[in-house]
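# Residue-level structure breakdown
Single-letter residue listing:
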Amino acid sequence: MNELITFISVFNDISLEKIEYYTKEINDKLCKVPFRKTVDNCEEADTLPYHFTLSAWNISYKEKVINELSKIEYPKLKILINDIRIMNGKENSYVLYFDIEKNEELKSLQSKIYQVLPSEKYNPENFNFHITIHIDKDYTKIISMKENLLENFIPFELEVDTFGLYEIYPAKLVKQFKQFINDKDYEEISPTAIVTSYPRIFTDIPYEKDIYKWLENHCNEEVTLNKLLAPEIEARYKLTNKLLDKYRIKQVLELAAGYSSRGLFYSKKGYNYVELDLENIVKNKKEILRSIEKNIPEGLNIISGNALKNDDFKKIESYFKNEEPIAVINEGLLRYLTFDEKRQVAQNIYDLLSKYDGIWITCDVTPKKFMNSQDKALPNFNKNLANITSRNNLNDRFEDEDHIRKFFDDVGFELVEIHKFSEMKDELYSVNELGIINDKIEKTLEDAIVVIMKVKKLTF
């Protein structure tokens, strides 16, 4: 059983690549775990990525640590790796490490943590930040590694805006903490909600023609609209509904709901339905619903917030009953986020479902092969989308199903079901009544997926 919790940097992929540019030159297996009696197998225990440590505590203080760390504002830091050095480690071992140049912002952050959660080993007055490369009891081996690394070493800069609290060893992520999130950074995603609203008028989804008519009259967004998107949009909407019906969970949180009518439809069926979206979308959505219905159903709450913000998730908890599970839904959000941002959203959902139980239904994990199919079925669609938002990068897509499983497993989720959009083909109005279909569109329905995830159960 893990005895410690540690608070460390969580580098993005670019920074990790810079570190690994040097470490890949070492042919031996590397281990960053200090020698200690509680670690039997270094390779099994060494599951943390490269990092620097801000502090560590006994695991019995976990709840207090989470509470205090949640109150701190985290900066975006730039740190300079200026040397490769050796220091003495535990039990007559030696630590090979990247030395971090003195950084006042980093020291200030550590001081804030130390003031509320003191741990003497990490007293900022006598602590030197570093990134461990390898720990070994063979001094000759350590010296050889250092000399090898220094041959081509040039000081380099790393960026970090995310920090993680982990149980050790082996490592298990408890919670991530991120730099202040500005909603304006995500507002350019909002016009994509209009792009997906238009194709829904070629479906039999309730209320969608009224919704788009309002948008057409009130929004001046210059976007390219595409009727051929209808089968994909209709399939993901109906498949998500089918899976929601299957689990019979009557409390729903939909993230980045946009201008979808699902919340109106299910709240009229007696569901407790909460939508979370950015302020400009929320304002429009409420006006749209008032133009369709005299009163917004009592069970539908449309809340302004950002899916990346843990505080906004806490805010919506007041709308749910503690004794009932929650189904979390999102259709068009993760594809526009970096993997670090995806991880933050997943962490927020994990925290919510750990408390309430329930499921997460999402089509936002569709792998890269779908993007290739979509480009063939809808020429210029993704190119036009890139003119609306810079957040439509192929590098931010999952490689395949194994990548999806591994990514969410690391957060604490178990992937329990995978469904293809093509399962809904016989129920698509756009296909069977309007004939919007061809071989290339069929391929997109075959490649696109919806997954259901649950929080992994702890086993002892």
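First, a word on what this report is: a plain description of the structure on this page.

Rules of the game
- Residues numbered from 1 in each chain as written.
- Predicted model: local features only at pLDDT ≥ 70, side-chain atom pairs only at ≥ 80, totals over all residues.
- Heavy atoms only, no water.
- Phe/Tyr/Trp six-rings, centres within 6.5 Å; stacked < 30°, edge-to-face > 60°.
- Buried < 20%, exposed > 50% of the residue type's maximum accessible area, 1.4 Å probe, protein only.
- Lys NZ or Arg CZ within 6 Å of the ring centre and 35° of its normal.
- 1 Å grid on protein atoms, 1.4 Å probe; cavity = no way out; pocket = protein on both sides within 12 Å on 5 of 7 lines; lining within 4 Å.
- Points joined across faces, edges and corners; volume = space filled by probe spheres on them.
- Helix = DSSP H or I, 4+ residues; strand = E, 2+ residues; numbered from the N terminus.
- Nonpolar A, V, L, I, M, F, W, Y, C, P; charged D, E, K, R; others polar.
- Salt bridge = Lys/Arg side-chain N within 4 Å of Asp/Glu carboxyl O.
- Pairing = 2+ DSSP bridges.
- Right-handed = clockwise from strand over helix to strand, strands pointing away.

## Details of the packing of aromatic side chains
- Taken as a whole and assessed by the stated rule, the structure comprises 30 aromatic pairs.
- Relative to F129, the ring of F127 has its centre 5.1 Å away and its plane inclined at 85 degrees; by these criteria the two rings are edge-to-face. Each member of the pair F127 and F129 is classed as buried.
- Pairwise contacts between aromatic rings join F339, Y350, W360, F398, F407, F408 and F413 into one cluster.
- The ring of Y50 is capped by K32, whose NZ or CZ atom sits 4.8 Å from the centre of that ring.

## Overview of empty space enclosed by the protein
- By the definition in use, this model includes 2 cavities of 30 Å³ or more.
- A volume near 140 Å³ is recorded for the second largest cavity.
- Taken together, 13 residues line the second largest cavity, and the ones lying closest to its centre are R335, C363, D364, T366 and F370.
- Those elements giving two or more residues to the lining of the second largest cavity turn out to be α8 (230-247) and α13 (368-377).
- For the lining of the second largest cavity, the per-class residue count stands at 5 nonpolar, 2 polar and 6 charged.

## Description of the pattern of salt bridges
- Per the counting criterion, the structure on display carries 29 salt bridges.
- Ionic pairing is found between K62 and E167, a salt bridge with its closest N-O pair at 3.0 Å. Within this pair, whereas K62 is found in helix α3 (residues 62-69), its partner E167 is found in strand β7 (residues 162-168), the two being separated by 105 residues in sequence.
- Classification of K62 by relative accessible area gives partly exposed; the value is 22%.
- Residues participating in the shared-partner salt-bridge network are R236, E254, R262 and E331.

## Considerations on the pairing of strand β10 (residues 272-277)
- Of all 6 residues in β10, 6 are buried; the element is thus mostly enclosed.
- Across the two faces of β10 the burial is the same, with N272, V274 and L276 and Y273, E275 and D277 all buried.
- When strand β9 (residues 251-255) meets β10, the two strands line up parallel, connected through 5 bridges. Each bridged residue has a counterpart across the sheet, and for L255 the counterpart in β10 is L276.
- The handedness of the β9 to β10 crossover, carried by helix α9 (residues 262-267), is right-handed.
- Where β10 and strand β11 (residues 300-304) come together, 5 bridges link them in parallel fashion. Along β11, the bridge assignment pairs V274 with N301.

As far as function goes, none of this settles anything; it's purely spatial.
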